[in-house]
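# Understanding the architecture of this molecule
What follows is the residue order along each chain.
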Amino acid sequence: LVQMARSVVRLSGPRARKRLDRLIRVATEAARQSLRADVPEVLGPLSVAEAVALAAEHGAAWCLHPEGSVGWQAAAAAAPLAVWVGPEGGFAPAELDAATAGGWLAVGLQTPVLRTETAAPVAVALGLARLGWA
């Protein structure tokens, strides 16, 4: 969870913890249902600067954007793979610039624009496929 300029929902305090706990439960249940031994990590809420810094800690980092510079099929992928899904209102230009300057690759899904709730699981599935794990 990253607090961005165009985020519709503003999370802080107990509300943020409740949302994060829910997303962790969803990730855990989805991993269990698909018989995965590992669970995708869900972090936040983070500032844009904190999220950008995560690229250095991962083998690859994707910033999903409808006009991404590379399609997911050609995107560099290495484990662990970090994926950043934009807010409901899309990335502000400065946020996208900060992400790419910080090592995030702007990746296009080559599909219609997806809702944030849908883009995240699609990104995980495509990332796993790109890593050859699916």
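Conventions adopted
- Residues numbered from 1 in each chain as written.
- Predicted model: local features only at pLDDT ≥ 70, side-chain atom pairs only at ≥ 80, totals over all residues.
- Heavy atoms only, no water.
- 1 Å grid on protein atoms, 1.4 Å probe; cavity = no way out; pocket = protein on both sides within 12 Å on 5 of 7 lines; lining within 4 Å.
- Points joined across faces, edges and corners; volume = space filled by probe spheres on them.
- Helix = DSSP H or I, 4+ residues; strand = E, 2+ residues; numbered from the N terminus.
- Nonpolar A, V, L, I, M, F, W, Y, C, P; charged D, E, K, R; others polar.
- Pairing = 2+ DSSP bridges.
- Contact = heavy atoms within 4.5 Å.
- Axes fitted to C-alpha atoms, helices over the stretch in contact; angles between N-to-C directions.
- Salt bridge = Lys/Arg side-chain N within 4 Å of Asp/Glu carboxyl O.
- Buried < 20%, exposed > 50% of the residue type's maximum accessible area, 1.4 Å probe, protein only.
- Expected span 1.5 Å × (residues − 1).

### Some remarks on the layout of surface pockets
Approximately 1800 Å³ is the volume attributed to the largest pocket. In this structure, the largest pocket is lined by 49 residues; those nearest its centre are E41, V42, V83, A120 and V124. For the lining of the largest pocket, the elements supplying multiple residues, two or more each, are α1 (13-33), β3 (81-84) and α4 (116-131). Here the lining of the largest pocket gets 10 residues from one element, more than from any other, and that element is α4. The residue makeup of the lining of the largest pocket, split by class, is 35 nonpolar, seven polar and seven charged. Estimates place the volume of the second largest pocket at around 360 Å³. Along the wall of the second largest pocket there are 21 residues; nearest its centre are L64, P66, V113, L114 and A119. Elements with a minimum of two residues in the lining of the second largest pocket: β4 (105-108) and α4. It is α4 that contributes the most residues to the lining of the second largest pocket, three residues altogether. Here the lining of the second largest pocket is built from residues that sort into 11 nonpolar, seven polar and three charged.

### Some points on the sheet that holds β4
Judged by pairing direction, the sheet is parallel, and its four strands sit side by side in the order β2-β4-β1-β3 without closing on themselves. What marks the edges here is a single partner per strand, and that holds for β2 (70-71) and β3. In this sheet, β3 lies alongside strand β1 (residues 60-64) in parallel orientation, the contact comprising four bridges. In the strand pairing of β3, C63 is matched with W84. Where α4 meets the sheet, its contacts fall on β1 and β3, and the angle it forms with β1 comes to roughly 140°.

### Digging into the pattern of salt bridges
Scanning all chains against the criterion turns up two salt bridges. In this structure, R36 engages D38 in a salt bridge whose closest nitrogen and oxygen atoms are separated by 2.9 Å. Residue R36 is classed as partly exposed on the basis of its relative accessible area, which comes to 27%. You can call D38 partly exposed: its relative accessible area is 40%.

### Brief notes about the pairing of β4
Strand direction decides the pairing type here: β1 and β4, joined by three bridges, are parallel. Note that in β4 the partner of C63 across the bridge is A106. As defined by bridge partners, β2 adjoins β4 across two bridges and the pair is classed as parallel. Across the sheet, V70 pairs through a bridge with V107, a residue of β4.

### Quick word on α4
Relative to the 22 Å expected for 16 residues at 1.5 Å per residue, α4 spans 22 Å between its end C-alpha atoms, a close match to the ideal helical length. Turning to α4, its buried residues number three or more, namely A119, A123, L126, G127 and L128. Structurally, α4 contributes buried residues whose contacts are with β1 and β3. One or two positions beyond α4, positive phi appears at G132, with a value near 80°.

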